[in-house]
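So you can see what is in the structure, the chains are spelled out below.
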Amino acid sequence: MKPVRVAVVQDCPVVFNREATIEKVKTLVPQAAREGAQLVLFPEAFVSAYPKGLDFGARIGMRFPEGREDFQRYFDSAVDVPGPSTQALGDIAKTNNVYLVIGIIERELGTLYCTALFFSPDGRLLGKHRKLMPTALERLVWGYGDGSTLPVLDTQVGKVGAVICWENYMPLLRMYMYSQGVQIYCAPTADDRDTWLSTMRHIALEGRCFVLSSCQYLKRGDCPDDYKAVQGDDPDTILMRGGSCIVGPLGEVIAGPHFDGPCILTADLDMNQITQGKYDFDAAGHYARPDVFRLHVNVRPLPAVVNWRGEPTDPFEGDDA
């Protein structure tokens, strides 16, 4: 099997400016493509902000007007899926003949979601994954995804999926990804701690897959002047220091982690290593014990309002467990 060349972009958006951020994506993807990349991964919430250090004016039992204004700005810079912004991102993928996986802030009705989008080299939006479980204060500004957006996409470069940031600590979610045969496991994140690399290595080794992780490199000076971050106003203060990496199916670090500024990491993936790794461990195959453990996954959309045209059904109806 021919190696697959991938790229992981470590950079920052034009914070709270959707159009300018997409223009930046338009300059970064060609750089990766010139390196021969067939798949390009961007960080969590790249279009157009992971609002590190903001509190959105919230205290227990209290909300301040300034926080509502921050949310308005965040909402206004978010992405409709589908919409003009997804068309523009698809055009970038098509122009550069790459698969593009990119973190965005998606809006639907009055709610924001932390989402990863997948685009094909012909510009099509192949699918999306909404973060199932926002972490800590993220829950104030992001809604929860459901099981209907947990795809592993069968592409010309392999089976590609995405799990966002601390979702990667959810063992049952990982198991579902392995059961779908994920080969290129994308982990866009905002976690820039030293410990993140150990998580990526564990997942690669556990899933016998290639793991690509992309984190922003963001300074206070990259944010608007009125960005009231707890870290202060010094433009040189680093809000996110990166740590992007690429890891192989036996847990070996192929590229990164990089903490010294914006960069694009590339690597050639020998897909045969996945099969070779599963020789002695396949979490969802010969190393599973379905007689002891079984995972049930509800992949139905769960909208707040349902117009019934029949009797409701149990999502697990017919299971004999």
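Everything that follows concerns the structure shown earlier in this document.
The model shown is predicted, which means the values in this text are computed figures rather than measured ones.

Chemist: What am I meant to see in the sheet that holds strand β7 (residues 125–130) here?
Modeler: Sheet strands associate in pairs through backbone hydrogen bonding, adopting either a parallel or an antiparallel arrangement. With respect to topology, 6 strands assemble into an open sheet ordered β7-β6-β5-β2-β1-β16, the strand pairing being mixed. Only two strands of the sheet have a single neighbouring strand rather than two, namely β7 and β16 (263–269). Each strand of the sheet is rotated relative to its neighbour by a mean of 30°, with strand direction disregarded. As paired strands, strand β1 (residues 4–10) and strand β2 (residues 39–41) are joined by 3 bridges and run parallel to one another. Bridge pairing in β2 links Val8 to Leu41. Lying on the sheet, helix α3 (residues 84–96) is in contact with β5 (99–108) and β6 (111–119); it crosses β6 at an angle near 25°.

Chemist: It is not clear to me how the sheet that holds strand β10 (residues 184–189) should be interpreted in this structure. Could you clarify?
Modeler: Strand order in the open sheet formed by 6 strands is β8-β9-β10-β11-β14-β15, with mixed pairing between adjacent strands. Each having just a single partner strand, β8 (152–155) and β15 (253–258) make up the two edges of the open sheet. On average, adjacent strands in this sheet sit at an angle of 15° to one another, irrespective of strand direction. Two elements, β10 and strand β11 (residues 210–215), share 6 bridges in a ladder whose sense is parallel. Note on β11: the bridge partner recorded for Cys186 is Leu212. Of the strands in this sheet, β8, β9 (158–162) and β10 touch helix α5 (residues 171–179), which is tilted by about 145° from β10. On the sheet, helix α6 (residues 196–207) packs against β10, β11, β14 (244–247) and β15 and is oriented at approximately 25° with respect to β14.

Chemist: I tried to follow the nonpolar core on my own but got confused; where do I start?
Modeler: Generally speaking, nonpolar side chains in soluble globular proteins are found buried as a group. Residues Tyr74, Ile184, Leu212, Ile246 and Leu269 are the most contacted members of the largest nonpolar core, which totals 51 residues. Not counting the four nearest positions on each side in its chain, Ile184 is found in contact with Val4, Val157, Lys159, Val160, Gly161, Phe210, Leu212, Leu269 and Met271. Counting 23 residues, the second largest nonpolar core, distinct from the first, contains Val40, Leu89, Ile92 and Ala93.

Chemist: What's the story with unusual backbone geometry in this structure? I'm lost.
Modeler: Excluding glycine, most residues fall at negative phi; most peptide bonds, likewise, are trans. The omega torsion across Val47 and Ser48 is -5°, close enough to zero to call that bond cis. Locating Ser48 in the fold gives a position in the loop between β2 and β3 (58–59). In this structure, the amide linkage connecting Val81 to the following residue, Pro82, adopts the cis form with an omega of -5°. Considering the arrangement of structural elements, one finds Pro82 in the loop between α2 (65–76) and α3. Notably, Phe16 is not glycine yet its phi reads approximately 65°, a positive angle. Counting through the fold element by element, Phe16 comes out in the loop between β1 and α1 (18–34). Not every positive phi belongs to a glycine, and Ala136 is a case in point at roughly 50°. With respect to the helices and strands, the residue Ala136 is situated in the loop between β7 and α4 (138–141).

Chemist: Even after reading the chapter, I still don't get the pattern of salt bridges, so can you show me in this structure?
Modeler: Side chains that carry opposite charge are capable of pairing whenever their charged atoms lie near each other. A full pass over the atoms with the stated rule returns 20 salt bridges. Residue Asp268 is joined to Arg5 by a salt bridge in which the shortest nitrogen-to-oxygen separation is 2.8 Å. Taken together, the residues Asp268 in strand β16 and Arg5 in strand β1 connect sequence positions 263 residues apart. Classification of Arg5 as partly exposed rests on a relative accessible area of 22%. Its salt-bridge partner being Arg193, residue Asp191 comes within 2.8 Å of it at the nearest N-O pair. On the basis of relative accessibility, which here comes to 7%, the residue Asp191 falls in the buried class. Beyond isolated ion pairs, a larger network of salt bridges with shared partners links Glu106, Glu108, Lys128 and Arg130.

Chemist: Which parts of the structure should I look at to understand the packing of aromatic side chains?
Modeler: Centre-to-centre distance and the angle between the planes together describe a pair of aromatic rings. Evaluation of the coordinates by the stated rule reveals 9 aromatic pairs. Site record: aromatic cluster; members linked through ring pairs are Phe16, Phe56, Tyr74 and Tyr227. Positioned over the ring face of Tyr113 is Arg130, at 3.7 Å from the centre of the ring. The cationic tip of Arg241 hangs over the ring face of Phe259; the distance from NZ or CZ to the ring centre is 4.1 Å.

The rules behind each value
- Residues numbered from 1 in each chain as written.
- Predicted model: local features only at pLDDT ≥ 70, side-chain atom pairs only at ≥ 80, totals over all residues.
- Heavy atoms only, no water.
- Pairing = 2+ DSSP bridges.
- Helix = DSSP H or I, 4+ residues; strand = E, 2+ residues; numbered from the N terminus.
- Axes fitted to C-alpha atoms, helices over the stretch in contact; angles between N-to-C directions.
- Contact = heavy atoms within 4.5 Å.
- Core = buried A, V, L, I, M, F, W, Y, C linked by side-chain atoms within 4.5 Å.
- Buried < 20%, exposed > 50% of the residue type's maximum accessible area, 1.4 Å probe, protein only.
- Salt bridge = Lys/Arg side-chain N within 4 Å of Asp/Glu carboxyl O.
- Phe/Tyr/Trp six-rings, centres within 6.5 Å; stacked < 30°, edge-to-face > 60°.
- Lys NZ or Arg CZ within 6 Å of the ring centre and 35° of its normal.

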